[in-house]
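Inside the fold
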Amino acid sequence: MEKYDPKKIEKKWQKKWQESGLYKDYSREKKLYALDMFPYPSGTGLHVGHPKGYIATDVFARFKMLEGHSVLHPMGWDAFGLPAENYAIEHKIHPESAVRENIQTFKAQLEKFGFTYDWDREINTTDPEYYKWTQWIFLKMFEKGLAYESDEPINWCPSCKTGLALEDLENGLCERCGSQVVQKKMRQWVLKMTDYADRLLEDLDKEGLDWENSIVDQQKNWIGRSEGALIKFQIVPKVEPSEFRRSNLRKERLEVFTTRLDTIFGCTYCVLGPEHKLIEKLKDRIENYTEVEKYIIQAQNKTFLERTDLQKEKTGIELKGIKVINPFNDEKVPLYVADYILGHYGTGAVMAVPAHDERDWKFAKKYKLFIREVIKSLNGKSFIQEEAFTEDGKLINSGKYSGISSKKAREEMAKWLEEKGIGQKKMNYKMRDWVFSRQRYWGEPIPLIFCPECKKRAENFSKVRPFPSSSEALGIPQGQTLKNFSKGELLNPGWIAVQENELPVKLPKVESYKPTGTGESPLANISEWVNTTCPKCGGPARRETNTMPQWAGSSWYYLAYVMRGISNFQFPISKYKEEFKKWLPVNLYVGGAEHATRHLLYARFWHKFLYDIGVVSTKEPFQRLVHVGLINGEDGRKMSKRWKNVINPNDVIEKFGADSIRLYEMFMGPFTQNIAWSTKGVIGMKRFLDKVWKLKSKIKNQKSKIQTKNKKLEILIHQTIKKVADDIQSFRFNTAISALMILVNKMEKESEIPNTSYQILATILSPFAPHLAEELWEKLGHGESIFEEIWPEYDPRLARDEEITLIIQINGKVRDQMKVPAGVKEDEAKKLALSREKVIKYIKDNTIKKTVFVKDRLVNFVI
RNA sequence: GGGCAGGUGGUGGAACGGGAUACACGCAUGGCUUAGGACCAUGUGCCGCAAGGCGUGAGGGUUCAACUCCCUCCCUGCCCACCA
């Protein structure tokens, strides 16, 4: 007999499958959209870790095809952004050709696995026809007032020479290159993601998503909603009574945010972050301003790392001459500046309650400030001089609120604040708006044009009708423009949207695509591209030269695959709505956990926006999300060039075949877990496939269905059909394969196997080892592909054993076992058990106090 | 410091509250062979000649019965981190 030679059969089937369009039957009633997080074609090629997720979706896709679904299973390239650009700079080639080369490498590698991709739907985020739509979505957001220009300080990476979103930092270092990030004020485009914070948070629970807890929690954590209150502390005016009226200082207030309003009677001082604007305003009144200024400069010079490193030691300085008034007890308390207060969270200022907050407690101890206890723990113990008590409890020393619970106090105090008009309940979020511009070449150009004339007009218009800055407060009907200006154009005077029919705004060719370092994108140097005319008034205007971040193109790509089914990205959007309805939401989304807080939040944000403007009809894009565990090097360390432990899938496929590596990566352990690679393990899979191959010689060609002579084999087959199906459905591939192995081991021991049994084996193995299964199928004389088959049905009665082994325990310890017919009754089982020699020996003359019987499982005698 | 996931043989790992270690790797012994990362058979948690005893990070608890549920603690990985 011929040997199993994966090299020979795999190429053959890969070619046939692609040519026959086997995967492109999209007409079936049942539909499934299986999606992988698409790769950055990075230049180093794939290592064996990358395809793990792709194999899983492929197994799932093939399984669903066998169950009669039309399956959409596409693949594409996320090719914009820093990795591609840095690679290009390093190798001194244009990013475009680098990307082209790398895609070729990646694609060649992927094709060897025999995936069910519909390559007709391949996408590439750097294709102008693709980013036309990335730009279009941005323009829609701009139009609705969700994009705004901002000069706020941003995180600047001096090495990558670009601004970074908070999400792009790792311990204060640039995630890409590890450089120290500095704060720099810069003009940026920012997307108002915080407008969607509540929906992004709540829909995680409300929309019935089938996501892993860990990822849901990470997102919730990142959004970081906390319920609290805003309180205005009046600043004590330092003026003579006669001047009081004239002074505008009397109106000066300090606004703080707290989640522990119930502790406010324990507020013995307040603290500002070094960035707080009030310091500058009160400059003249601060008696020790020189020292304060010194402290602030010091604090700002501290790098991100230093500020977090210095956790143990809290520093700060009092603003001498300034006091603020606690509205609840009219107490005048001192005001400090300290760098443990973050400028960007809440209002950048806190009321300090040292008795009930860890940080305030440490600070108060260090500077010997008064600590007043106002919350008593329910067990009454108090160690306020030893440590802060931060839990809820009962209020004391709190005027009329004394005696009530923390929870109730928060309610009532907030009500009081609102009545007095000096505060209110307020949600706060850790999540911030998305800094959306990058000062780099290799990204989508932001399709906006700056027109000085239109700026004047827009400003004049805004003067006539004062324009609120918050988009939700605008209340302008969707799509409507005022005096020809969209919401976005009025929010950002002078910035005019490129017309839809002018899209895409293509990236121009450029001499040097290296960052300029001045904070401007290299695009700024190309005057013939930058200088243009205003689409609104026709006057001279300039293009925006910033580009979009890498995350832009990946925030909607799952829609692009669907669009490719209809046309190659032509306008208008209405063309695609039906198709979106047909395929969305994505039924299965598989990818790395590292995207839990960035890509997945951005994509959900964009999807919700597209839902709001009527493009898609589901509130969430991804119905089921599974995260793939990493494959580490054989040494247990992360696979990387640095450790010389990288394994190229090509080499593995060359030696053992694609089916073996597919099988191995699914068998190595629980899918979501990180596990070290083992080439030995692949060998084991090759052995298994060899066995399956050789089993063919045992086929006894008989026509009848699973024949009854070999009842045990028949039962095992039915059990395996069920087990493999259940396990694939719940991503327990390792145990599915183990079940297949048990079946094969059993078949091996038989002298002959019915033809039908062998065909069932081939079918249920086919999602994992498609090439081998297809080859065997052909050899068995079938003209059609095995993937046109239907997943075999199992007989639920047969899937259960009819003879089972009943365990006999004495005092919970296993002492004996016996074979009995399934479904045996308690009395019968007891009688049988008690007649057994071993049982008699153990029981001797003890009395049986109790007997526990579990049907088809065990009988336990307690003596 | 917070959140999440984990801790089971020499290794990767199985196990609806019911036989701990399925399946695979490795190893050992024997066989086979024109010698290969081949194949076949048997064995393989620990102690013990055996009967038997002990075993799922540690300690407690619930239960007839705990890897599984509850409490306390230790350790590892990932994510977040002065978040008011």
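The structure contained in this document is the topic of the report that follows. Numbering of residues begins from 1 in every chain and follows the order in which that chain's sequence is written. Just so you know, chain letters begin at A and ligand numbers begin at 1, following the order they were written in. Local features in a predicted model are, by the rule used here, given only for residues with pLDDT of at least 70; side-chain atom pairs are given and counted only at 80 or more, and totals for whole chains, interfaces and linings are based on all residues. Each side-chain value is worked out from all heavy atoms of the structure, with water and hydrogens disregarded.

Here's the deal with the sheet that holds strand β6 (residues 153-157)
Here, any two strands with at least 2 DSSP bridges between them count as paired. Strands here mean DSSP runs of E at least two residues long; helices mean DSSP runs of H or I at least four residues long; both are numbered from the N terminus. Spatial ordering of the open sheet is given by β7-β6-β10, a layout of three strands whose pairing is antiparallel. Among the strands making up the open sheet, the edge pair consists of β7 (162-164) and β10 (182-185). When the angles between neighbouring strand axes are averaged without regard to direction, this sheet yields 55 degrees. As defined by bridge partners, β6 adjoins β7 across three bridges and the pair is classed as antiparallel. Residue pairing across strands places Trp156 opposite Gly163, the latter belonging to β7. Here the axes come from fitting lines to C-alpha atoms, over the contacting stretch only for helices, and the angles between their N-to-C directions go from 0 to 180 degrees.

A few points about the protein's contact with RNA strand B
Lining the immediate environment of RNA strand B, one finds 54 residues, of which Thr259, Lys314, Lys655, Gln673 and Asn860 sit closest. If even one non-hydrogen atom of a residue comes within 4 Å of a molecule or strand, that residue is called near it. Counting only atoms of RNA strand B within 4 Å of the protein, the sugar-phosphate share comes to 58%. N or O atoms within 3.5 Å of each other form a polar contact, as long as, within protein, one can give a hydrogen and the other can take it, and as long as residues adjacent in sequence are counted only when both atoms are side-chain atoms. Between RNA strand B and Asn734 there is a distance of 3.0 Å, counted from a phosphate oxygen to a side-chain nitrogen or oxygen. The element that contributes the greatest number of residues to the surface near RNA strand B is helix α23 (residues 733-749), accounting for seven residues. A class-by-class count of the residues in the surface near RNA strand B yields 22 nonpolar, 16 polar and 16 charged. Residue type decides the class: Asp, Glu, Lys and Arg count as charged, Ala, Val, Leu, Ile, Met, Phe, Trp, Tyr, Cys and Pro as nonpolar, and the leftover types, Gly among them, as polar.

Considerations on helix α16 (residues 557-564)
Think of it in three bands: residues with accessible area under 20% of the maximum for their type are buried, residues over 50% are exposed, and the middle band is partly exposed, with areas taken using a 1.4 Å probe on protein chains only. Buried residues dominate α16, accounting for seven of its eight residues. Restricting attention to buried positions, one finds in α16 the residues Tyr557, Tyr558, Leu559, Ala560, Tyr561, Val562 and Met563.

Digging into the state of the cysteines
Put simply, a disulfide is two cysteine sulfurs that come within 2.5 Å. A full pass over the atoms with the stated rule returns zero disulfides. Free of any disulfide, Cys267 has its nearest neighbouring cysteine sulfur in Cys270, separated by 4.1 Å. Given the relative accessible area of 0%, Cys267 is considered buried. Taking relative accessible area as the criterion, Cys270 reaches 0% and is therefore assigned buried.

Some details on helix α12 (residues 406-420)
To estimate the expected span of a helix, subtract one from its residue number and multiply by 1.5 Å. With 15 residues, α12 extends 21 Å between its outermost C-alpha atoms, agreeing within 8% with the 21 Å of an ideal straight helix rising 1.5 Å per residue. Taken together, the buried positions of α12 are Ser406, Ala409, Met413, Ala414, Trp416 and Leu417. Taken end-on, α12 shows its buried residues confined to a sector of 160 degrees, consistent with a single buried face. Residues of α12 that are exposed and angled more than 90 degrees away from the buried face: Lys407, Lys415 and Glu419. We call two residues in contact when some of their heavy atoms are within 4.5 Å. Buried residues along α12 sit against β13 (226-235), β19 (375-376), β20 (394-395) and β21 (423-428). By construction, the arc corresponds to the directions joining the helix axis to the C-beta atoms.

A look at unusual backbone geometry
In most cases, non-glycine residues show a negative phi, while peptide bonds are predominantly trans. For the peptide bond that leads from Phe571 to Pro572, omega is -5 degrees, which places it in the cis range. Cis peptide bonds are those with omega within 30 degrees of zero, and the linkage from Leu584 to Pro585 qualifies with 0 degrees. Structurally, Pro585 can be placed in the loop between α17 (577-583) and β27 (588-592). For Phe569, which is not glycine, the phi torsion reads 70 degrees and is therefore positive. Structurally, Phe569 is set in the loop between α16 and α17. At Phe731, a residue that is not glycine, the phi angle is positive and equals roughly 60 degrees.

Observations concerning the pattern of salt bridges
Salt bridges are counted wherever a side-chain nitrogen of Lys or Arg sits within 4 Å of a carboxyl oxygen of Asp or Glu. Counting across every chain of the model gives 54 salt bridges. Among the ionic pairs, Glu252 bridges to Lys281, the shortest N-O distance being 3.8 Å. In this pair, Glu252 is assigned in the loop between β13 and β14 (253-258) and Lys281 in helix α8 (residues 277-281), connecting sequence segments 29 residues apart. The exposure class assigned to Glu252 is buried, which follows from its relative accessible area of 17%. Lys281 gets classed as exposed once you look at its relative accessible area, which sits at 57%. One salt bridge in this structure joins Lys686 and Asp690, with 3.4 Å as the shortest N-O distance. Residue Lys686 and its partner Asp690 are both found in helix α21 (residues 679-695); the two are separated by four residues, about one turn of the helix. Among the residues examined, Lys686 registers a relative accessible area of 17% and is labelled buried.

Quick notes on the nonpolar core
Within this scheme, the nonpolar core is defined by two criteria: the residues are buried Ala, Val, Leu, Ile, Met, Phe, Trp, Tyr or Cys, and they are joined through side-chain atoms within 4.5 Å. Counting residues in each nonpolar core, the largest one holds 189 residues, and the members touching the most others are Tyr33, Phe138, Phe580, Trp606, Trp677 and Phe768. Discounting residues that sit within four places of it in the chain, Tyr33 has contacts with Leu72, Pro74, Tyr558, Tyr561, Val562, Trp583, Leu584, Val586, Asn587 and Leu588. Grouped together as the second largest cluster of nonpolar side chains are 58 residues, Cys270, Tyr295, Leu369 and Val374 included.

What to know about the packing of aromatic side chains
Only Phe, Tyr and Trp rings are paired, with Trp represented by its six-membered ring, and only when their centres lie within 6.5 Å; those with planes under 30 degrees apart are stacked, over 60 edge-to-face, the remainder tilted. Per the counting criterion, the structure on display carries 54 aromatic pairs. Between Phe138 and Phe436, the aromatic rings sit 5.5 Å apart at their centres with planes inclined by 5 degrees, giving stacked as the arrangement. One end of the pair, Phe138, is in helix α5 (residues 128-143); the other, Phe436, is in the loop between β22 (434-435) and β23 (448-450), with 298 residues separating them in the sequence. Take Phe138: its relative accessible area is 0%, and that puts it in the buried class. According to the relative accessible area criterion, Phe436 is buried, its value standing at 0%. Aromatic pair Tyr441 and Trp442: ring centres 6.2 Å apart, planes at 25 degrees, arrangement stacked. The residues Tyr441 and Trp442 share a single accessibility class, namely buried. By the ring-pair criterion, three or more aromatic residues cluster together here, those being Phe138, Tyr196, Trp434, Phe436, Trp551, Tyr602, Phe605 and Trp606. If you follow Arg62 out to its NZ or CZ, it ends over the ring of Trp17, 4.6 Å from the centre. Two conditions define a charge located above a ring, namely a distance within 6 Å from the ring centre to NZ of Lys or CZ of Arg, and an angle within 35 degrees of the ring normal. Above the plane of the ring of Phe571 lies Lys132, whose end atom (NZ or CZ) is 4.8 Å from the centre.

Overview of the sheet that holds strand β25 (residues 531-533)
Spatial strand order, β24-β23-β26-β25: four strands in an open sheet with antiparallel pairing. In the strand order of this sheet, the two ends are held by β24 (495-497) and β25, each with one partner. Going across the sheet, the axis of each strand differs from the next one's by a mean of 45 degrees, ignoring polarity. Across three bridges, the pairing between β23 and β24 is antiparallel. Bridging across to β24, Ile449 finds its partner in Ile496.

Here we look at the environment of Gln218
Following the sequence through the fold, Gln218 ends up in helix α7 (residues 213-223). As for Gln218 and Thr597, which are separated by 379 residues in sequence, their C-alpha atoms are 6.6 Å apart. The contact partners of Gln218, leaving out residues within four places of it in the chain, are Ala593, Ala596 and Thr597.

Points about the packing of helix α19 (residues 649-656) against helix α20 (residues 658-667)
Interhelical geometry of α19 versus α20 gives an angle of 115 degrees and a closest axis separation of 7 Å. Between α19 and α20, the contacting residues are Pro649, Val652, Ile653 and Phe656 on the first element and Ala658, Ser660 and Ile661 on the second. Of the residues contributing to the contact of α19 with α20, the split by class is six nonpolar, one polar and no charged.

Considering the side chain of Gln809
Relative to the helices and strands, Gln809 resides in strand β33 (residues 803-810). The contacts of Gln809, once residues within four sequence positions are left out, are Val814, Arg815, Leu858, Val859, Asn860 and Phe861.

Here we look at the environment of Val71
Structurally, Val71 is set in strand β2 (residues 69-72). Leaving out residues up to four positions away in the same chain, Val71 has contacts with Tyr23, Tyr26, Leu32, Ala61, Lys64, Met65 and Trp583.

Brief notes about the pairing of strand β11 (residues 188-191)
On any regular strand, side chains alternate: one points to one face of the sheet, the next to the other face. In β11, alternate side chains face the same way, and those of Gln188 and Val190 on one face and Trp189 and Leu191 on the other are all buried. Inspection of the sheet shows strand β5 (residues 147-150) paired to β11 by four bridges, in the antiparallel sense. Counterpart to Ser150 in the pairing with β11 is Gln188.

Section: the pairing of strand β17 (residues 332-338)
Of all the seven residues making up β17, six are buried; the element is thus mostly covered by neighbouring parts of the structure. Two elements, strand β15 (residues 269-272) and β17, share three bridges in a ladder whose sense is parallel. Bridging across to β17, Val271 finds its partner in Tyr336. For strand β16 (residues 316-325) and β17, the ladder comprises six bridges, and the chain directions are antiparallel. Across the sheet, Gly316 pairs through a bridge with Ala338, a residue of β17. Taking the residues that link successive antiparallel strands as the turn, the β16-β17 hairpin has six residues, and the phi of Asp330 there is positive, at about 55 degrees.

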